[in-house]
Every structure is written in C-alpha cells, then in structure tokens.
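# Secondary and tertiary structure notes
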Amino acid sequence: MIKFNEPMSKHCSLRSGGMTSEFFLPEDINELSLFLKSNVKPILLVGLGSNLLVRDRGFNGVTIHTKNLKELHITNKYIESGAGTSLAKLSRFAQANLKYGAEFLSAIPGSVGGALAMNAGAFGSEVWQYVVSVQTISLSGELQERFPNDYEINYRSVKHRFGDEFFISARFDFNLNKPNDNVRELLDKRNFSQPIGLPSCGSVFKNPKDNYAAKLIESSGLKGFCIGGACVSEKHANYIINQNNATALDIENLIIHIQNTVKTLHNVELETEIIII
Ligand SMILES: Cc1cc2nc3c(=O)[nH]c(=O)nc-3n(C[C@H](O)[C@H](O)[C@H](O)COP(=O)(O)OP(=O)(O)OC[C@H]3O[C@@H](n4cnc5c(N)ncnc54)[C@H](O)[C@@H]3O)c2cc1C
C-alpha cells in the first residue's frame, strides 16, 4: 500500500515533523524486494519512529515502514525476528521461551530494525552483543546474510561497508541460563527517572566519554528551558519533550541551543543520538 503526503508526525514518537511524499507499507519481504527493484527515489526506513525527526519541509522520497515484517520464531536455539517486531515483544517472547539476556530490550520503545541501526542499549547491554547474523536488503532489492564482523559497531553507532542496505531480520543468541535482570524492576527504574509517556525521542544526545549529557545539560541550567513548543524535560535533562505542538524547527533550534550552551559553559561538544532527516 502506498500513501502520498503522509505526515511523519504520525509515525515519530516526538509527534512532530513534516510530510513524506510517499509512504510504503510492504506486506512482506517479497513485496519490499519487488518494490525496491523498480524504485529510483530516495528511501527512508522507519521502524517505530522513536529516534527520528523529519524536518518540517518533509522528506522527498519514499518512507518505508517495517511494521509488517514482524515474524518471530526459534530455529536451532536462536530467536529469529523481523525488523518490524517491537523490542518489547521480542523481550517477552524470549522470556516466555526461557531464553535470557533480552530483558533490557523491554525498556526501549523501538523496533528490531531501528535497534540494529542504532545499536540501541540500556542498563549496560547493547543489542549487537546478542546478534548472530542479520538479513539485509539492498537498494536494488537483493537479500544478503551479514554478520557482526561485517560492521563497525560502537556506542549508538553502526557502520557497514556495503553501501545502502537495510535490516529486514536478525538472528539472536539469547541463551543465558537465567535472567540478567527483572523486567518489572527495570521498567520501574526507568519510569522513576525518565518522562515516559510524553512525546519524546528518549535521549537526544549521546553521553560524551566519561560524562553524562543529562548532567551537563542540567548543570547548564537548561531544565525546563523551551523554544516554541519544545522543552527540556524537568525530569531528565537529556530528554526534549514536545510540550505544545512543537515544530521540527523548534526541536532542532532547542538542540542547537543546548549544544551551544554546553559548549560555552563546559567546553564539551554534545553529539546527537536522534536522527534528523
Ligand atoms: C521514551 C524513550 C526511551 C528511549 N530509551 C532508549 C534507550 O534506553 N536506549 C536506546 O538505545 N534508545 C532509546 N530510545 C531511542 C529509540 O527507542 C532507539 O534508538 C530505537 O532503537 C529506535 O528504534 P525505532 O524502530 O523506533 O527506529 P526509528 O526511530 O524508526 O529509526 C531510527 C533510525 O534507524 C533507521 N532504521 C529504522 N529501521 C531500520 C531498518 N530496518 N534498517 C535500517 N535502518 C533502519 C532509521 O532510518 C533511522 O535512521 C528511547 C526512545 C524513547 C522515545
């Protein structure tokens, strides 16, 4: 199904942003592959939009939503998951099948594809620690199997040598003998310290080496500071909340203001974690 002029604010957890000129929701990998074989327009892959902001002037190309790529099963002790599966569902599935290590994923509101692209992590674990292999699709619709060694994987950063390829599924090794963590406790910890439930993208900035972005922003006096409808959270200074119909420009201007203030006061350059299109 293809839609035209679809507002990306509907698909991003910040509830802000411009339109995508085309929006494609493939039913399965075959439909996606066929589409890519004949497509010539720029492509943007979107999972749950929990780390994404599309500028107000929009994206002139095809946004592909992975929602329907959501198979989830166990083959030879490994969990195989489609890119569109939510991390919370993957975490629940792993526990229900007595496979442990995926507990931390329950606290991250993204999809498997988005987590692979970002090397999402929480509570000391990162998603790529558990990847055995991934299936990718190229811009021309070709499928490939890739392995962790094919990528340069760092804190919230994944680079590969194969040009533009997108993740369509992953095989995970969640085979610890017992749970790493208690999921309820992880979620309580998170709810206590972060503004969960309000429109945000989680942490806006990566933590600089040996420091915390939230600490630097808070000590710069920016908690509660707003530009237009975008505000620095009072609860967690590394969160920007869309408090009052913020435009993508409000959010980006606030990001720049935070970066400039922290640079002036602490001489630290904050790098964004959020992806801005
Ligand atoms: C309340 C809140 C709390 C959060 N807490 C955490 C946290 O603890 N740890 C953490 O790491 N993150 C956290 N995040 C950020 C976010 O949830 C993660 O980065 C998540 O992995 C993004 O997944 P997504 O499906 O939403 O990706 P999207 O936002 O849809 O996309 C993010 C990027 O990945 C690309 N992408 C998406 N799918 C694919 C694919 N299939 N193939 C290739 N590229 C793809 C997109 O093009 C984009 O560049 C939080 C966000 C929120 C709103």
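Residues numbered from 1 in each chain as written. Predicted model: local features only at pLDDT ≥ 70, side-chain atom pairs only at ≥ 80, totals over all residues.

## Concerning the site of the ligand
Inspection of the region around the ligand gives 32 residues, with Gly-47, Gly-110, Gly-113, Gly-114 and Gly-202 positioned closest. Listing elements by their share of the shell around the ligand, those giving two or more residues are strand E3 (43-46), helix H3 (112-118), strand E8 (121-122) and strand E14 (165-172). The element best represented in the shell around the ligand is H3, accounting for five residues. Along the lines of polarity and charge, the residues of the shell around the ligand split into 19 nonpolar, 13 polar and no charged. (Near = placed C-beta within 6 Å. Helix = DSSP H or I, 4+ residues; strand = E, 2+ residues; numbered from the N terminus. Nonpolar A, V, L, I, M, F, W, Y, C, P; charged D, E, K, R; others polar.)

## Some points on the domain arrangement of the protein chain
Looking at the assigned domains, one finds that the protein chain contains domain 1 (2-65), domain 2 (72-172) and domain 3 (196-276). The C-alpha centroid of domain 3 is placed 27 Å from the C-alpha centroid of domain 2. (Domains from an automatic or database assignment.)

## A closer look at the nonpolar core
In terms of nonpolar packing, the biggest core is built from 66 residues, with Leu-53, Ala-115, Leu-116, Phe-167, Ile-217, Ile-240 and Ile-251 touching the most fellow members. Among the elements that take part in this core, helix H6 (residues 248-266) stands out by supplying six residues, more than any other. The residues touching Ala-115, leaving out its near neighbours within four places in the chain, are Leu-87, Ile-108, Gly-110, Ala-120 and Val-127. (Core = buried A, V, L, I, M, F, W, Y, C linked by C-beta atoms within 7 Å. Buried ≥ 20, exposed ≤ 12 C-beta atoms within 10 Å, placed from the backbone. Contact = placed C-beta atoms within 7 Å.)

## A few points about the sheet that holds strand E17 (residues 240-242)
One open sheet accounts for three strands, arranged E15-E16-E17; its pairing is antiparallel. This sheet does not close on itself; its edge strands, each paired only once, are strand E15 (226-227) and E17. Note: E15 against strand E16 (residues 230-232), two bridges, orientation antiparallel. Within the sheet, the bridge partner assigned to Cys-226 lies in E16 and is Cys-231. (Pairing = 2+ DSSP bridges.)

## Overview of the environment of Ile-74
Within the secondary structure, Ile-74 is located in strand E6 (residues 72-75). C-beta crowding within 10 Å serves as the criterion here: with 14 such atoms nearby, Ile-74 is assigned to the partly exposed category. C-alpha of Ile-74 to C-alpha of Ala-107: the two residues are 33 residues apart in sequence and 22 Å apart in space. Those residues in contact with Ile-74, other than ones at most four positions away along the chain, are Ile-79 and Asn-97.

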